[in-house]
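Structural description and commentary
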Number of protein chains: 2
Amino acid sequence: MRTSIATVSLSGSLTEKLTAASRAGFDGVEIFENDLLASPLTPEEIRERCADLGLTVDLYQPMRDIEAVPEEEFRRNLRRARHKFELMRRLGADTVLVCSSVHPLAIDDDALAAEQLSRLADLARESGIRVAYEALAWGRHVSTYDHAWHIVESAGHPALGTCLDSFHILSRGSDPKGIEDIPGEKIFFLQLADAPLLAMDVLQWSRHYRCFPGQGGFDVAGLVGHVLRAGYDGPLSLEVFNDVFRQAEAGPTAVDAHRSLLVLQEALGVAELPAPVVPTGVAFAELVTPDAEPVAEVLGALGFARTARHRSKPVDLWQAGEARILVNTGPAARRDGTGLAAIGLESPDPAGAARRAEALLAPVLPRRRASEDAPLDAVAAPDGTELFFCATDRPELPSWRADFEDTGQEPQAAGVRRIDHLALVQPWHQFDEATLFHRAVLGLAAQESVDVADPYGLLRSRAVTSADGGVRIALSVGAAPADDTVHAQHIALATDDVVAAARRLREAGGPLLPMPANYYDDLAARFDFADGELATYRELGILYDRDAYGEFRHCYTRTVGRVFFELVQRDGGYRGYGAQNAPVRLAAQHAARRLTDG
Amino acid sequence: MRTSIATVSLSGSLTEKLTAASRAGFDGVEIFENDLLASPLTPEEIRERCADLGLTVDLYQPMRDIEAVPEEEFRRNLRRARHKFELMRRLGADTVLVCSSVHPLAIDDDALAAEQLSRLADLARESGIRVAYEALAWGRHVSTYDHAWHIVESAGHPALGTCLDSFHILSRGSDPKGIEDIPGEKIFFLQLADAPLLAMDVLQWSRHYRCFPGQGGFDVAGLVGHVLRAGYDGPLSLEVFNDVFRQAEAGPTAVDAHRSLLVLQEALGVAELPAPVVPTGVAFAELVTPDAEPVAEVLGALGFARTARHRSKPVDLWQAGEARILVNTGPAARRDGTGLAAIGLESPDPAGAARRAEALLAPVLPRRRASEDAPLDAVAAPDGTELFFCATDRPELPSWRADFEDTGQEPQAAGVRRIDHLALVQPWHQFDEATLFHRAVLGLAAQESVDVADPYGLLRSRAVTSADGGVRIALSVGAAPADDTVHAQHIALATDDVVAAARRLREAGGPLLPMPANYYDDLAARFDFADGELATYRELGILYDRDAYGEFRHCYTRTVGRVFFELVQRDGGYRGYGAQNAPVRLAAQHAARRLTDG
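Please read these numbers as outputs of a predicted model, since none were measured by experiment.

On to the overall build of chain A. For chain A, the helix and strand inventory stands at 17 helices and 24 strands. Overall, the C-alpha framework of chain A stretches about 85 × 60 × 45 Å when taken along its three principal axes. When contacts within chain A are restricted to residue pairs at least 6 apart in sequence, long-range pairs at least 24 apart make up 74% of them. Only carbon and sulfur atoms are counted for the fraction: they give 49% of the accessible area of chain A, which is about 22300 Å². For chain A, the distance from the average site of its 60 positive side-chain charges to the average site of its 86 negative ones is 2 Å.

Given below as structure tokens:
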């Protein structure tokens, strides 16, 4: 199906918006009136720009407060419409959106509304324009799609149809099934937006919290199904505005937007994408650093050994159990200091995983960095983290491991078994995008998001996981841009005995993050522990949590650059990530940093 | 009355919070449990720190999910409470907040709740502690203050009282009059918070949108009046949390908080402050700049003449009509580049105005910069702008004008009459604070706030004005930190004929900001103009607006550093600021900047 996006959904000048929409693969745009008014381009120039970019102008929007008003007022509205239809002629737009009136003078009279909309449609038809009438959820007298359709139907005018908007329909709790009773050719346009399920004033909800389909709580795909069954054959068009997108760069937002429509079409069976290939585990995490020493010290203390070295590049492989960490001291292209740059995901079908990612607009990375390297399927996640699809130790497939030469060193028996999860702080305007990416591109399941209080701001956090927990990624985001040496990425390492692991770490001179004593007094108030257990946790800075399934014990290293490590012990099927303890950990990190800085 | 603040209302470590509360003049604090847990200080050290800072620990909070549960569960809760009471003993806190239960196991049984709360109070009394039971607005079975009081009353325990919280009471729409039926000595604590009137889920509303009294839509003072008439004699304590305060610096937030309580007490007649002295006009605006040339060019083109020069400092006075602009090329203490640093406000009683500002915690600036200068009463606004209280041309009072020597130049007859308004972009977390400051300290009236769409983010804007419009300040704020060369301050100059003024500006080579042609096509669609009128506006970049009272015509100069000028013509009592046109102006500024930047 054709895809379209309203210019109001993207930030920047009209030119920037059009360029971003085109690059992301949209077929057309809705031109939002205010974007046109503020543009230095004439309507003809905008038309030309769209044509150059391969975009059709699918809708001009909106006209407001037109119908069901006293005759004198309506004449003024027709005068206004005449100007706008002339503008649309210059712009090359043949459909105009008319929103149901919110005007205090609007009269609750469907016959009058139908009559005046007919007269508007007469005028429109003279210019070859169609009028798409839409019920705003907060319209004064017309606020539901069936009411708007009833008026359109009774007007019976060939140039008058209806526009359906998933937000206005689903936010009202209307049953979208009735859409199938509308003849497809009378559905002149379809606007799509999702939104989180919030109990709030619908106008505020609409203006500030809309998101792309699949990122909120509405069944947008279900609604589109009804619209398609009604026979609609126009574009799927996104009209989404929220406070975050207004400040985010247009390019990534447009990609996120188009991805959401691809996923929606796949769900509806109207587009075929390469099937998802769910990763089964974490092959490695890759740190880039200008100075390998501090990282090597922490890894050594954690029981990692430098088991192999890249044949041609300054990259070391450190291993403990099945946990593998690459330390790359080569020219770090994108990042300064020490940070998490890449993740290797074990994949049943690396090439297939990359094909799906590419089809879903993920930037594909070069398969070979050097001619002698093993070919690797890799893409970039929205936050810039490189994702490698790996087939470690599967002789039938090329493996990244072949690029490495063993050093002969063996991991110590330190009890680290594997990477439990990776925690990735997202750029502050990319949280929903990251969730959709990991869900749709990688086939991971998104868990509920939780709020975490940092001493200097609120964080939102949400895990994406594979069914068996082989891959767990915790995404988090601050309420505004923040210092990433505090909100650092981290690598959590699974162990069967966190006490033993923490003790070994400390004995090896590893930088355990100390936890406040008051935290342990609170644990004592909340839980019964065996004799000495709490004293041990207190001594080692081990945190404790419990859920309906089991128990969780974990501790942290201090931060190196923009990354730190966690040792975790999950027992009895505990499903969480210790979010309950995150405020204490964050405060401890701030305190440690204050000590270091000052 | 004594004032207190909950540590959760401020950002940072517990130590930072306590310091900020003390410096802002609070008498005590509520210690929020999570702040204590995350602190490296022991309870004894916190107690000592508070004592050193002159703060009492008025409340420990909160204990949750205590009452109306099965016996076995309740015994666990008592065990938990025993730990907390011991902690409170170490901390020196004698009152604990118990919130009505939200636990799924909680039973709808007031008698059981009363009985268990009594047993909790027995235990508390042993440690010299009082239990203050509060109804959360979203409590499972107890969600109103009168219900909570009914349970406390029927328990009849001397160590059990109630805690009232203005948010929980007013957000439910409860009538606070019934508070007067509660014996004052049974009101153990009073927590105050305001909030904007939003139709949204009360838990989300509470967690993210609370603000200080006088900054929202609740009648907090009215509620406190009922509480005082009931005989309450404890502290007025603020418990406010929202997403902005969590990221803002604790120091300014604490000052803002304490100011809100001072204003509240004044409204209630329980504190006497120096009376407000409402300014009657704008004496001057002061620009600081490292390079006077570009500013002088614009001012000259606007019809300003350099009429006087400071006797001892590199400050020029430029004047046109009653509009005076100081251009200061001296060492600009706080700002880089060209910006608006100070505003002179005509005051009927400059010393009285400064006394009120000081009483309301505004930093007072030195009265004399140099021994030969006229004494000046001045304070700093929250955004750092210096406010001078002036008595221009009133021989009975010292005047800033006496420091200036006339150059002999006369203003051209360019038609600029006075400064119409000043537009000040606020640091992004200080919008509510700025509004309260201008309202309470200066006695200006705050208008409704409006949203303005900038191409790269949403702005919120709100004017504060004197009754006759002699002083008008438009405050605005972005949704996140932004580039202040785009969201610059501006000075709007009143003229009786904006067309003539704009034309003169252009002829004098002044940098008029060009407006897009599409804007004028839209004006033609919306309004009837006399022949040629619109063509003139189009030619000169004049924008047009109309409200119920009159008409507004305005145009802009390009930005110099972080400041630009507006020429405005108000006719027939127009009250606004052309907010309708702001998106077009902002887009034009972005476009002009792109041209300049290359």
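Structure's up, so let's keep going.
Attention now goes to the domain arrangement of chain A. Residue and element names in this part refer to chain A. Under the domain assignment, chain A is made up of domain 1 (3–268), domain 2 (281–406) and domain 3 (416–597). The largest per-residue losses of area from domain 1 upon contact with domain 3 belong to Gln 215, Val 244 and Arg 259, which jointly make up 44% of the total buried on that side. Connecting domain 1 to domain 3 are 1 salt bridge. The salt bridge partner of Arg 259 is Glu 433, with a shortest N-O separation of 4.0 Å. In this assembly, domain 1 and domain 3 are joined by 1 residue pair in polar contact (both at pLDDT 80 or more). When its residues are assigned to classes, the side of domain 1 that touches domain 3 shows 5 nonpolar, 4 polar and 2 charged.

All names here are of chain B. Tracing the backbone through its elements, the reader meets Gln 319 in strand E11 (residues 315–320). A residue is classified by how much of its surface remains accessible, and Gln 319, at 13% relative accessible area, is buried. At 3.1 Å, the side chain of Gln 319 forms a polar contact with the backbone oxygen of Gly 321. Discounting residues that sit within four places of it in the chain, Gln 319 has contacts with Gly 303, Phe 304, Ala 305, Thr 307, Arg 324 and Pro 411.

Moving on, we get to the sheet that holds strand E11 (residues 315–320) of chain A. All names here are of chain A. Spatial strand order, E14-E15-E13-E9-E12-E11-E10-E16: 8 strands in an open sheet with mixed pairing. A single partner strand is all that each edge strand has here, and the edge strands are strand E14 (377–380) and strand E16 (404–406). The average angle at which neighbouring strand axes cross in this sheet is 25°, direction not considered. As defined by bridge partners, strand E9 (residues 281–288) adjoins strand E13 (residues 339–346) across 7 bridges and the pair is classed as antiparallel. In the strand pairing of E13, Gly 281 is matched with Glu 346.

All names here are of chain A. Taken as a whole and judged by the stated rule, the model has 28 aromatic pairs over all chains. Through a chain of ring-to-ring contacts, the aromatic side chains of Phe 284, Phe 388, Trp 400 and Phe 404 assemble into a single cluster. Above the face of the Phe 188 ring, Arg 130 is positioned so that its terminal group lies 4.0 Å from the ring centre.

Before going further, it helps to spend a moment on the UniProt feature "binding site: Mg(2+)" (unreviewed entry) in chain A. Residues and elements named next belong to chain A. UniProt annotation of "binding site: Mg(2+)" (unreviewed entry) refers to His 421, His 490 and Glu 566 when read in the numbering used here. A maximum C-alpha distance of 9.3 Å is found for the annotated residues, which run over 146 residues; spatially they form one tight group. Checked against the lining of the second largest pocket, the annotated residues reduce to His 421, His 490 and Glu 566. Within the element layout of this structure, His 490 appears in strand E21 (residues 489–495). Considering the arrangement of structural elements, one finds Glu 566 in strand E24 (residues 563–571). According to the relative accessible area criterion, Glu 566 is buried, its value standing at 1%. Setting aside residues no more than four positions away along its own chain, Glu 566 makes contact with His 421, His 490, Ile 491, Ala 492, Leu 493, Phe 552, His 554, Cys 555 and Tyr 556.

The subject of this paragraph is the layout of surface pockets. Residues and elements named next belong to chain A. Counted as a void, the second largest pocket has a volume near 890 Å³. If you go around the second largest pocket, you meet 46 residues; those closest to its centre are Ala 463, Arg 575, Gly 576, Tyr 577 and Gly 578. When residues of the lining of the second largest pocket are traced back to their parent elements, those giving at least two are strand E17 (416–425), strand E18 (445–454), strand E19 (457–465), strand E20 (472–478), strand E22 (543–546), strand E23 (551–556), E24 and helix H17 (582–597). The residue inventory of the lining of the second largest pocket, partitioned by class, reads 21 nonpolar, 16 polar and 9 charged.

Attention shifts here to the pairing of strand E23 (residues 543–546) of chain B. Residues and elements named next belong to chain B. Pairing of E23 with strand E24 (residues 551–556) involves 4 bridges; the strand directions are antiparallel. Residue Asp 545 lies in a different strand from E24, and its bridge partner there is Phe 552. Counting the residues between successive antiparallel strands, the hairpin from E23 to E24 contains 4 residues.

This paragraph deals with the relation of the copies chain B and chain A. Once chain B has been moved 0.0 Å along the axis and rotated by 180°, it coincides with chain A to within an RMSD of 0.0 Å. One copy is carried onto the other by what is essentially a two-fold rotation axis. When C-alpha distances to the rotation axis are compared across chain B, the minimum falls at Met 200 of chain B, with a value of 1.8 Å.

Let us now look at the interface of chain B and chain A. The interface of chain B with chain A comprises 51 residues on the first partner and 51 residues on the second. Together, Leu 37, Arg 246 and Asn 518 of chain B form the three largest contributors to the area buried by chain B at its contact with chain A, with a combined 15%. The tally of links from chain B across to chain A stands at 6 salt bridges. The closest approach of N and O atoms between Asp 521 of chain A and Arg 90 of chain B, which form a salt bridge, is 3.5 Å. Looking at the side of chain B that touches chain A, the elements that each hand over two or more residues are helix H2 (33–37), helix H3 (43–52), helix H4 (71–91), helix H8 (202–209), strand E19 (450–454), strand E20 (457–465), helix H15 (517–526) and helix H17 (582–597) of chain B. Counting residues per element, the side of chain B that touches chain A draws most heavily on H15 of chain B, which supplies 7 residues.

What follows deals with helix H5 (residues 110–126) of chain A. Given 3.6 residues per helical turn, the α-helix brings residues three or four places apart onto the same face. All names here are of chain A. Its 17 residues place the ends of H5 24 Å apart at the C-alpha level, agreeing with the 24 Å of an ideal helix rising 1.5 Å per residue. Where H5 is concerned, the buried positions are Leu 112, Ala 113, Ala 114, Gln 116, Leu 117, Ser 118, Leu 120, Ala 121, Leu 123 and Ala 124. Here the buried face of H5 lies against helix H4 (71–91), strand E4 (95–99), strand E5 (130–134), helix H6 (145–155) and strand E6 (160–165). The N-terminus of H5 is capped by Asp 109, whose side-chain oxygen sits 3.1 Å from the backbone nitrogen of Ala 111. After H5 finishes, the residue Gly 128 shows a positive phi value of roughly 70°.

Here is what the cut-offs are and how they apply
Residues numbered from 1 in each chain as written. Chains lettered and ligands numbered in written order. Predicted model: local features only at pLDDT ≥ 70, side-chain atom pairs only at ≥ 80, totals over all residues. Heavy atoms only, no water. Helix = DSSP H or I, 4+ residues; strand = E, 2+ residues; numbered from the N terminus. Contact = heavy atoms within 4.5 Å. Areas by Shrake-Rupley, 256 points an atom, 1.4 Å probe, with all protein chains shown as cover. Lys, Arg positive; Asp, Glu negative; His and termini not counted. Charge placed at Lys NZ, Arg CZ, Asp CG, Glu CD. Domains from an automatic or database assignment. Buried area = accessible area lost by both parts, 1.4 Å probe. Salt bridge = Lys/Arg side-chain N within 4 Å of Asp/Glu carboxyl O. Polar contact = N/O pair within 3.5 Å; in protein donor to acceptor, adjacent residues only side chain to side chain. Nonpolar A, V, L, I, M, F, W, Y, C, P; charged D, E, K, R; others polar. Buried < 20%, exposed > 50% of the residue type's maximum accessible area, 1.4 Å probe, protein only. Pairing = 2+ DSSP bridges. Axes fitted to C-alpha atoms, helices over the stretch in contact; angles between N-to-C directions. Phe/Tyr/Trp six-rings, centres within 6.5 Å; stacked < 30°, edge-to-face > 60°. Lys NZ or Arg CZ within 6 Å of the ring centre and 35° of its normal. UniProt positions renumbered as here; feature names shortened; annotations may be inferred. 1 Å grid on protein atoms, 1.4 Å probe; cavity = no way out; pocket = protein on both sides within 12 Å on 5 of 7 lines; lining within 4 Å. Points joined across faces, edges and corners; volume = space filled by probe spheres on them. Least-squares fit on C-alpha atoms with pLDDT ≥ 70 in both. Expected span 1.5 Å × (residues − 1).

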